[in-house]
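An overview of the molecular structure
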Amino acid sequence: MAIDLVTRREWGARQPRGAYGRLSSTRGVKVHYTGGQVSPDIVGDHARCVALVRSIQNHHMDGNGWLDVGYSLLVCPHRKVFEGRGPNHLPAANGSGLNSGHYAVLGLVGSTGFTQPTDDILHGILDAVEYLRDKGGAGDEIKGHRDGYSTDCPGGPLYAWVKRGAPRPGGGTNPPEPHPSFPGRVLKYPPVMVGEDVRTWQRQMRTRGWDIDVDGLYGEASRDACRAFQREKGLSATGAVNRATWQATWEEPVT
Ligand SMILES: [Zn+2]
Ligand SMILES: [Zn+2]
């Protein structure tokens, strides 16, 4: 998935007060968090992300006296990447003397309230890192602000992810495919149940390697296959496809 960039114009950034220092390359990127209270409401409301990014810029310019927001890029829970100083420009957020070594990428995660980085934030941070490698000569390193500087940043959960090597969630380059949602009725026998939902479940069972007819009829054979599958997955072996069994049919690894 391509990076979903929010330009400075789109988020209403103030103009920087001066010229940035230039960078042609760095050893990599340092990951930061917002710290403090971040309302969990931002997850459901992207307008709050925009407001938060603007307030961070105000704090950096008016509180710290910096010429602009200190980060290279800022990432919100909607996998959107806000332009900060951008590639090839010296950031200010890593600490004095530490800014030419690494670009600075912020995840909008707090130390209270919204504290657990979601998969979309982690994907967004990696989208930002790839963008800085591509456009700004960033090297392979992904580190935390606290590496080489006395701070809690980027907080426990984000730092633990950095220490694990900053993997893409789900192991792939994109989030897992969504699967058909539970039809809302339990598939069971007797009597024989008929329907497209039965066919959908049977097709997935076949994909998983079960010897089952994809005929849209939930009878004895479907029930027996269901029961065996439930035993294999440690589910209660009722022979009926309830919500948990339906989800397991897509989500459990094939063994
Ligand atoms: Zn930081
Ligand atoms: Zn957002």
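For the structure itself, consult the block above.
Anyway, here's the lowdown on the structure attached to this text. (Residues numbered from 1 in each chain as written. Chains lettered and ligands numbered in written order. Predicted model: local features only at pLDDT ≥ 70, side-chain atom pairs only at ≥ 80, totals over all residues. Heavy atoms only, no water.)

**Thoughts on the packing of aromatic side chains**
- A full pass over the atoms with the stated rule returns five aromatic pairs.
- Judged by centre distance (6.5 Å) and plane angle (65 degrees), the rings of Trp11 and Phe82 are edge-to-face. A residue pair is termed long-range when its members are at least 10 positions apart, and Trp11 in helix α1 (residues 8–11) and Phe82 in strand β5 (residues 81–83) qualify at 71 residues. Neither Trp11 nor Phe82 differs from the other in exposure class; each is buried.
- When the ring of Trp246 is compared with that of Trp250, the centres are 4.9 Å apart and the planes differ by 35 degrees; the resulting orientation is tilted. You can see Trp246 and its partner Trp250 sitting in helix α7 (residues 243–251), four residues apart, about one turn around the helix. Of the two residues, Trp246 and Trp250, neither departs from the other in class, the shared state being buried.
- An aromatic cluster of at least three residues, connected via ring pairs, comprises Phe182, Trp246 and Trp250. (Phe/Tyr/Trp six-rings, centres within 6.5 Å; stacked < 30°, edge-to-face > 60°. Helix = DSSP H or I, 4+ residues; strand = E, 2+ residues; numbered from the N terminus. Buried < 20%, exposed > 50% of the residue type's maximum accessible area, 1.4 Å probe, protein only.)

**As for the pairing of strand β2 (residues 26–33)**
- Burial within β2 is extensive, with seven of its eight residues counted as buried.
- Relative to strand β8 (residues 138–144), β2 runs parallel, the two being bridged by five bridges. Residue pairing across strands places Lys30 opposite Lys143, the latter belonging to β8. (Pairing = 2+ DSSP bridges.)

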